[in-house]
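This is what each chain is made of:
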Amino acid sequence: HVQLVESGGGSVQAGGSLRLSCEVSGSIDGTNCIGWFRQYPGKEREGLAALDSDGRMQYSNSAKGRSTISRDYTKTTLYLQMDSLKPEDTAMYYCAAQLCTLGTFSWDSSLDRYWGQGTQVTVS
(Lines give C-alpha, C1' and ligand atoms only; values in the text may rest on other atoms or scores of the structure.)
Protein backbone atom coordinates (compact mmCIF):
# COMPACT_ATOMS: atom_id res chain seq x y z
CA HIS A 1 0.00 0.00 0.00
CA VAL A 2 0.96 3.65 -0.31
CA GLN A 3 2.73 5.34 2.60
CA LEU A 4 3.20 9.09 2.96
CA VAL A 5 5.22 11.01 5.54
CA GLU A 6 5.05 14.82 5.76
CA SER A 7 7.68 17.12 7.23
CA GLY A 8 8.84 20.73 7.07
CA GLY A 9 6.14 22.40 9.13
CA GLY A 10 6.85 24.73 12.03
CA SER A 11 6.32 28.21 13.44
CA VAL A 12 7.21 31.23 11.30
CA GLN A 13 6.59 34.97 11.29
CA ALA A 14 4.08 36.50 8.93
CA GLY A 15 5.66 37.11 5.53
CA GLY A 16 8.03 34.18 5.86
CA SER A 17 8.26 31.00 3.80
CA LEU A 18 8.16 27.25 4.34
CA ARG A 19 8.73 24.25 2.11
CA LEU A 20 6.77 21.18 3.10
CA SER A 21 7.96 17.73 2.06
CA CYS A 22 6.13 14.44 1.60
CA GLU A 23 8.01 11.19 1.14
CA VAL A 24 6.01 8.67 -0.87
CA SER A 25 6.61 4.92 -0.80
CA GLY A 26 4.75 1.72 -1.58
CA SER A 27 2.23 1.30 -4.36
CA ILE A 28 -1.40 0.63 -5.22
CA ASP A 29 -3.08 -0.73 -8.32
CA GLY A 30 -3.86 1.69 -11.09
CA THR A 31 -2.59 5.18 -11.87
CA ASN A 32 -1.89 7.38 -8.85
CA CYS A 33 -2.09 11.12 -8.38
CA ILE A 34 -0.60 13.00 -5.42
CA GLY A 35 -1.60 16.29 -3.82
CA TRP A 36 -1.61 18.59 -0.78
CA PHE A 37 -4.53 19.42 1.51
CA ARG A 38 -5.05 21.85 4.39
CA GLN A 39 -7.31 21.47 7.42
CA TYR A 40 -8.34 24.14 9.94
CA PRO A 41 -9.49 22.98 13.38
CA GLY A 42 -13.10 21.81 13.25
CA LYS A 43 -13.32 22.22 9.48
CA GLU A 44 -13.25 19.91 6.49
CA ARG A 45 -9.95 19.13 4.83
CA GLU A 46 -9.55 21.18 1.65
CA GLY A 47 -7.40 20.64 -1.42
CA LEU A 48 -4.56 23.01 -2.32
CA ALA A 49 -2.40 21.64 -5.11
CA ALA A 50 -1.78 18.37 -6.92
CA LEU A 51 0.02 16.65 -9.78
CA ASP A 52 -1.92 14.77 -12.43
CA SER A 53 -0.79 11.54 -14.08
CA ASP A 54 1.44 13.47 -16.50
CA GLY A 55 3.09 15.45 -13.72
CA ARG A 56 1.22 18.65 -14.55
CA MET A 57 0.30 21.01 -11.73
CA GLN A 58 -3.26 21.57 -10.56
CA TYR A 59 -4.25 24.28 -8.07
CA SER A 60 -7.49 24.80 -6.19
CA ASN A 61 -8.98 28.19 -5.41
CA SER A 62 -7.69 27.79 -1.85
CA ALA A 63 -4.07 28.02 -2.99
CA LYS A 64 -4.53 31.76 -3.69
CA GLY A 65 -1.37 32.02 -5.77
CA ARG A 66 1.07 31.69 -2.84
CA SER A 67 1.81 27.97 -3.04
CA THR A 68 3.79 25.97 -5.57
CA ILE A 69 3.77 22.17 -5.88
CA SER A 70 6.69 20.19 -7.26
CA ARG A 71 8.21 16.72 -7.10
CA ASP A 72 11.68 15.24 -7.03
CA TYR A 73 11.11 12.05 -9.01
CA THR A 74 14.55 10.67 -8.19
CA LYS A 75 13.68 10.75 -4.48
CA THR A 76 9.92 10.22 -4.83
CA THR A 77 9.40 13.33 -2.70
CA LEU A 78 6.54 15.80 -3.08
CA TYR A 79 7.00 19.46 -2.10
CA LEU A 80 4.78 22.41 -1.33
CA GLN A 81 6.55 25.78 -1.35
CA MET A 82 4.60 28.39 0.60
CA ASP A 83 5.58 32.06 0.44
CA SER A 84 4.27 35.27 1.99
CA LEU A 85 2.72 33.28 4.81
CA LYS A 86 -0.13 34.83 6.77
CA PRO A 87 -1.78 33.91 10.08
CA GLU A 88 -4.68 32.49 8.04
CA ASP A 89 -2.27 29.83 6.75
CA THR A 90 -2.05 28.32 10.24
CA ALA A 91 -3.35 24.77 9.85
CA MET A 92 -2.46 21.11 9.52
CA TYR A 93 -1.12 20.21 6.09
CA TYR A 94 -1.48 16.72 4.62
CA CYS A 95 -0.30 15.01 1.49
CA ALA A 96 -2.52 12.41 -0.15
CA ALA A 97 -2.43 9.78 -2.86
CA GLN A 98 -5.42 8.62 -4.89
CA LEU A 99 -6.32 6.93 -8.14
CA CYS A 100 -6.35 9.40 -11.01
CA THR A 101 -9.67 9.93 -12.77
CA LEU A 102 -9.20 10.36 -16.52
CA GLY A 103 -5.61 11.30 -15.80
CA THR A 104 -6.51 14.19 -13.48
CA PHE A 105 -6.56 14.76 -9.70
CA SER A 106 -10.11 15.10 -8.42
CA TRP A 107 -10.83 17.29 -5.36
CA ASP A 108 -14.00 15.31 -4.61
CA SER A 109 -14.07 14.72 -0.85
CA SER A 110 -15.89 11.40 -1.33
CA LEU A 111 -12.91 9.73 -3.02
CA ASP A 112 -10.87 7.14 -1.16
CA ARG A 113 -7.43 8.56 -0.37
CA TYR A 114 -4.26 7.50 1.38
CA TRP A 115 -3.17 10.15 3.90
CA GLY A 116 0.03 11.09 5.65
CA GLN A 117 0.08 11.99 9.35
CA GLY A 118 0.13 15.72 8.64
CA THR A 119 2.52 18.53 9.57
CA GLN A 120 1.57 21.63 11.56
CA VAL A 121 2.16 25.14 10.21
CA THR A 122 1.79 28.09 12.58
CA VAL A 123 2.12 31.69 11.39
CA SER A 124 2.16 34.58 13.85
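No experiment lies behind these values; they were computed from the predicted model shown.

## Looking at the layout of surface pockets
- Here the largest pocket is characterised by a volume of approximately 230 Å³.
- Lining the largest pocket are 16 residues, and of these V24, N32, C33, I34 and R71 sit closest to its centre.
- Top contributing element to the lining of the largest pocket by residue count: strand β4 (residues 32-39), with three residues.
- Residues belonging to the lining of the largest pocket are distributed by class as follows: seven nonpolar, six polar and three charged.

## What to know about empty space enclosed by the protein
- Counting across every chain of the model gives one cavity of 30 Å³ or more.
- In this structure, the largest cavity encloses a volume near 60 Å³.
- In terms of lining residues, the largest cavity is bounded by R38, L48, A63, R66, S67, M82, D83, L85, D89 and Y93.

## Some details on the nonpolar core
- The biggest cluster of nonpolar side chains holds 23 residues, and the ones touching the most others in it are W36, L78, L80, M82 and Y93.
- Of all the secondary structure elements, the ones that give two or more residues to this core are β3 (18-25), β4, β5 (46-51), β8 (77-82), β9 (91-99) and β11 (119-123).
- Once residues lying within four places of it in the same chain are set aside, the contact partners of Y93 are E6, L20, F37, R38, L48, L80, M82, G118, T119 and V121.
- Core analysis: the next-biggest nonpolar cluster, separate from the first, contains six residues, C33, A50, A96 and C100 among them.

## Some points on the pattern of salt bridges
- Going through the model one piece at a time under the given rule, you end up with three salt bridges.
- With its nearest N and O atoms 3.7 Å apart, the salt bridge here joins R38 to D89. Of this pair, R38 sits in strand β4 while D89 is found in the loop between β8 and β9, placing the two residues 51 residues apart along the sequence.
- We classify D89 as buried; its relative accessible area is 3%.
- Notably, a salt bridge pairs R66 with D89, separated by 2.8 Å at the nearest N-O pair. Of this pair, R66 sits in the loop between β6 (57-59) and β7 (67-72) while D89 sits in the loop between β8 and β9, placing them 23 residues apart in sequence.
- A single salt-bridge network, built from bridges that share partners, covers R38, E46, R66 and D89.

## Focus: the state of the cysteines
- Under the definition given, this model contains two disulfides.
- Disulfide pairing places C33 opposite C100 at an S-S distance of 1.8 Å. Torsion about the S-S bond of the C33 and C100 cystine: about 115°, corresponding to right-handed handedness. Within this pair, whereas C33 is found in strand β4, its partner C100 is found in the loop between β9 and β10 (114-115), the two being separated by 67 residues in sequence.
- Classification of C100 by relative accessible area gives buried; the value is 15%.
- Here the disulfide map of the protein reads 1-3, 2-4, the bonded cysteines being numbered as they appear in the sequence.

Definitions and limits used
- Residues numbered from 1 in each chain as written.
- Predicted model: local features only at pLDDT ≥ 70, side-chain atom pairs only at ≥ 80, totals over all residues.
- Heavy atoms only, no water.
- 1 Å grid on protein atoms, 1.4 Å probe; cavity = no way out; pocket = protein on both sides within 12 Å on 5 of 7 lines; lining within 4 Å.
- Points joined across faces, edges and corners; volume = space filled by probe spheres on them.
- Helix = DSSP H or I, 4+ residues; strand = E, 2+ residues; numbered from the N terminus.
- Nonpolar A, V, L, I, M, F, W, Y, C, P; charged D, E, K, R; others polar.
- Core = buried A, V, L, I, M, F, W, Y, C linked by side-chain atoms within 4.5 Å.
- Buried < 20%, exposed > 50% of the residue type's maximum accessible area, 1.4 Å probe, protein only.
- Contact = heavy atoms within 4.5 Å.
- Salt bridge = Lys/Arg side-chain N within 4 Å of Asp/Glu carboxyl O.
- Disulfide = S-S within 2.5 Å.

Function cannot be inferred from these measures alone, as they are strictly geometric.
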